Amino acid sequence: MYVHHLSKALCDRGHHVEVLSGQPYPVLDERVLLHKLPSLDIFNDAFPGRTPGFWEVQTWADTAEVCSFMTGTFSEPMAFSLRAWQYLRTQAGNFDLVHDNQSLGYGLLGIQREGLPVLSTIHHPITIDAKLELEQTEGLVERFGKRRWYSFTKMQKRVARRLQRIITVSESSRNDIATELNVPTHLMHVVPVGVDPELFRPLPHIKRNPNQIITTASADVPLKGQRYLLEALAKLRTERDLRLLVIGKPRTGGDASKVIGHLGLQGAVEFVTGVSDERIVELYSSSAVAVVPSLYEGFSLPAIEAMCTATPLVATTGGALAEVTGANGETCMSVPPGDSEALAAGLAVVLDNKELAARIGEAGRARVIQRWSWQHTAAQTEEQYHALLADQPLGSNRANR
């Protein structure tokens with residue numbers, strides 16, 4: 001989503017943008033050229049964690065991907081960055097700079113050595129995801145596996161500290177990156193993500209279902225706090241007929257599926273995937289309340305999308321959420337993270353008070369319109385590009401462009 005919207009907004013401002021990507025390939029604006037750098041697709045949806053055949057290993061990046069995977073590490077960030085380096089070695093003269101979207105792989109350092117200025121967007125440090133998953137992992141074997149899986153974050157720490165400039169999306173993330181990755185604060189600059197207020201808008205012709213709650217779950221992982229939302233839903237359903245609409249895909253054998261079964265919520269939770277932004281706006285407009293139950297967020301695009309549709313929002317204060325959503329009871333109903341009782345209470349307040357819900361929804365949209373749009377994001381990103389180019393050594397061709 002970040003790559004799609006930012007590249008489009010940069011094109012709107014007159015820039016030429018090309019995107020390098022492995023699978024799954026992003027959907028881009030027609031003006032943005034996509035260069036496909038296929039991985040071995042080890043973590044595809046059909047056969048996640050498959051072992052590639054020897055005939056598939058054709059390049060040194062393929063070899064690195066397989067070797068990293070065989071040690072139990074998430075191998076894609078490193079392998080993708082190596083493929084990007086391999087591609088850009090022959091194309092360096094065609095670009096002014098490279099903008100990385102948090103791969104933070106060793107290949108970025110190779111790209112820098114080719115003379116291309118590099119900056120990266122770090123939405124939040126993945127080390128926080130690792131800590132939260134380890135806290136909810138039982139058994140020594142499973143904990144060992146998780147530690148190996150997240151060992152790629154050591155690479156990300158090393159790379160982040162050696163980049164010339166970093167964009168992050170909130171002050172909260174900036175502080176966490178400094179703490180978790182030991183990146184000097186003077187290298188980091190806050191550029192929030194955005195939303196399209198013309199697309200994400202109230203739809204007065206759609207009536208809100210007073211019994212429908214909506215949430216967006218980009219991943220079925222502990223970080224997103226779905227367990228606590230499902231527990232809150234179960235508590236509320238003892239007194240009222242509520243259903244939860246989840247924009248996202250449940251993971252086979254994932255935490256959400258287990259909790260739904262344990263709490264007897266089959267039939268009360270619906271997952272919706274593969275729908276357009278226009279349909280997502282309709283789903284928000286048909287819901288009584290939106291929820292962001294995350295234990296931590298570096299920013300939260302779903303929060304501002306919900307607010308922009310004037311849907312009243314209940315959100316935790318995890319990570320940057322309080323910074324994004326604003327004052328409790330005014331632009332959002334705020335609750336502490338990891339507390340299903342508090343989440344249920346916050347939802348009940350909004351569901352039982354239509355006037356308060358409408359007021360929060362209207363104030364939330366006003367807050368978003370005043371602060372965040374993809375055009376604002378592109379303009380501020382452009383400023384960071386100019387600053388990066390200005391920092392290049394004297395005599396460099398790019399320092400004079």
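Located above this text is the structure these notes cover.
Keep in mind the model is a prediction, meaning the values are calculated, not measured.

1. Comments concerning the overall build of the protein chain
Right, on to step 1. Check the secondary structure of the protein chain and you find 16 helices and 12 strands.
Right, on to step 2. In terms of overall dimensions, the protein chain is globule-like: its C-alpha atoms have a radius of gyration of 22 Å, near the 21 Å expected for 401 residues.
Right, on to step 3. Over its C-alpha atoms, taken along the principal directions, the protein chain stretches across nearly 65 × 50 × 40 Å.
Right, on to step 4. Per-residue burial for the protein chain yields a buried fraction of 53% across its 401 residues.

2. Re the nonpolar core
Right, on to step 1. In this structure, F200, I304 and L313 are the most contacted members of the largest nonpolar core, which totals 48 residues.
Right, on to step 2. Listing elements by their share of this core, those giving two or more residues are α1 (2–12), β8 (243–247), α11 (277–285), β10 (287–292), α12 (301–308), β11 (313–316), α13 (321–325) and α16 (374–390).
Right, on to step 3. Element by element, the count of residues in this core is highest for α12, at 6 residues.
Right, on to step 4. With residues up to four places along the chain from it excluded, the contact list for F200 reads V195, D277, I280, V281, Y284, E305, C308, T309 and R365.

3. Quick word on the sheet that holds β8
The strands that make up a sheet are held in pairs by hydrogen bonds between backbone atoms, and each pair lies either parallel or antiparallel.
Right, on to step 1. Strand order in the open sheet formed by 6 strands is β9-β8-β7-β10-β11-β12, with parallel pairing between adjacent strands. A strand with exactly one partner marks an edge of an open sheet, and here the two such strands are β9 (269–272) and β12 (333–335). Taken pair by pair, the neighbouring strands of this sheet meet at an average axis angle of 25°, ignoring direction.
Right, on to step 2. Direction of pairing for strand β7 (residues 209–216) relative to β10: parallel, over a ladder of 4 bridges.

4. Some details on the sheet that holds strand β4 (residues 118–122)
Right, on to step 1. Read across the sheet, 4 strands follow the order β3-β4-β5-β6 without closing on themselves; strand pairing throughout is parallel. Either end of the sheet is taken by a strand with one partner, and the two such strands are β3 (98–101) and β6 (188–190). Each strand axis lies, on average, 25° off the axis of its neighbour in the sheet, ignoring direction.
Right, on to step 2. As judged from the 4 bridges shared by β3 and β4, these two strands associate in the parallel manner. The residue of β4 that forms the bridge with H99 is L119.

5. So, the packing of helix α9 (residues 226–236) against helix α10 (residues 255–263)
In a pair of packed helices, the angle between the axes and the distance between the axes together describe the arrangement.
Right, on to step 1. Contact geometry for α9 and α10: axes closest at 9 Å, N-to-C directions at 20°. In terms of their interaxial angle, α9 and α10 are classed as roughly parallel. As α9 runs across α10, the sense of the crossing is right-handed. Facing α9, whose interface residues are Q226, R227, L230, E231 and A234, α10 presents D255, A256, V259, I260 and L263.
Right, on to step 2. Of the residues in the contact of α9 with α10, the class split is 6 nonpolar, 1 polar and 3 charged.

6. Considering the packing of α12 against helix α15 (residues 354–371)
Right, on to step 1. At their nearest, the axes of α12 and α15 sit 7 Å apart, and the two run at 120° to each other. The angle between the axes of α12 and α15 places the two elements in the oblique class. Regarding α12 and α15, the two cross each other, and that crossing is left-handed. Contacts between α12 and α15 involve I304, M307 and C308 from the first element and G361, G364, R365, R367 and V368 from the second.
Right, on to step 2. For the contact of α12 with α15, the residue count by class is 4 nonpolar, 2 polar and 2 charged.

7. Examining unusual backbone geometry
Right, on to step 1. Omega for the bond connecting Q23 with P24 falls within 30 degrees of zero, at -5°, which places this linkage in the cis form.
Right, on to step 2. One can find P24 in the loop between β1 (18–21) and β2 (33–36).
Right, on to step 3. Located in the positive-phi region is S300, a residue other than glycine, with phi close to 100°.
Right, on to step 4. Mapped onto the elements, S300 comes out in the loop between β10 and α12.

8. Considering the environment of G346
Right, on to step 1. As for its position among the elements, G346 is in helix α14 (residues 340–352).
Right, on to step 2. A relative accessible area of 5% means that G346 is categorised as buried.
Right, on to step 3. Among residues more than four places away in sequence, those in contact with G346 are V314, M333 and V335.

9. A closer look at the pattern of salt bridges
Right, on to step 1. The tally for this structure, following the rule as stated, stands at 17 salt bridges.
Right, on to step 2. R13 is paired through a salt bridge with E382; the nearest N and O atoms lie 3.1 Å apart. Of the two residues, R13 is situated in the loop between α1 and β1 and E382 in helix α16; the sequence distance between them amounts to 369 residues.
Right, on to step 3. The residue E282 makes a salt bridge to R279 at a minimum N-O spacing of 3.0 Å. Within this pair, E282 and its partner R279 are both found in helix α11, separated by 3 residues, close to a single helical turn.
Right, on to step 4. By relative accessible area, E282 is classed as partly exposed at 31%.
Right, on to step 5. Judged by its relative accessible area of 38%, R279 is partly exposed.

Scoring rules and cut-offs
Residues numbered from 1 in each chain as written. Predicted model: local features only at pLDDT ≥ 70, side-chain atom pairs only at ≥ 80, totals over all residues. Heavy atoms only, no water. Helix = DSSP H or I, 4+ residues; strand = E, 2+ residues; numbered from the N terminus. Rg over C-alpha atoms; globule rule 2.2 N^0.38 Å. Buried < 20%, exposed > 50% of the residue type's maximum accessible area, 1.4 Å probe, protein only. Core = buried A, V, L, I, M, F, W, Y, C linked by side-chain atoms within 4.5 Å. Contact = heavy atoms within 4.5 Å. Pairing = 2+ DSSP bridges. Axes fitted to C-alpha atoms, helices over the stretch in contact; angles between N-to-C directions. Parallel < 35°, antiparallel > 145°, perpendicular 65-115°, else oblique. Left-handed = near helix turned anticlockwise from the far one by under 90°. Nonpolar A, V, L, I, M, F, W, Y, C, P; charged D, E, K, R; others polar. Salt bridge = Lys/Arg side-chain N within 4 Å of Asp/Glu carboxyl O.

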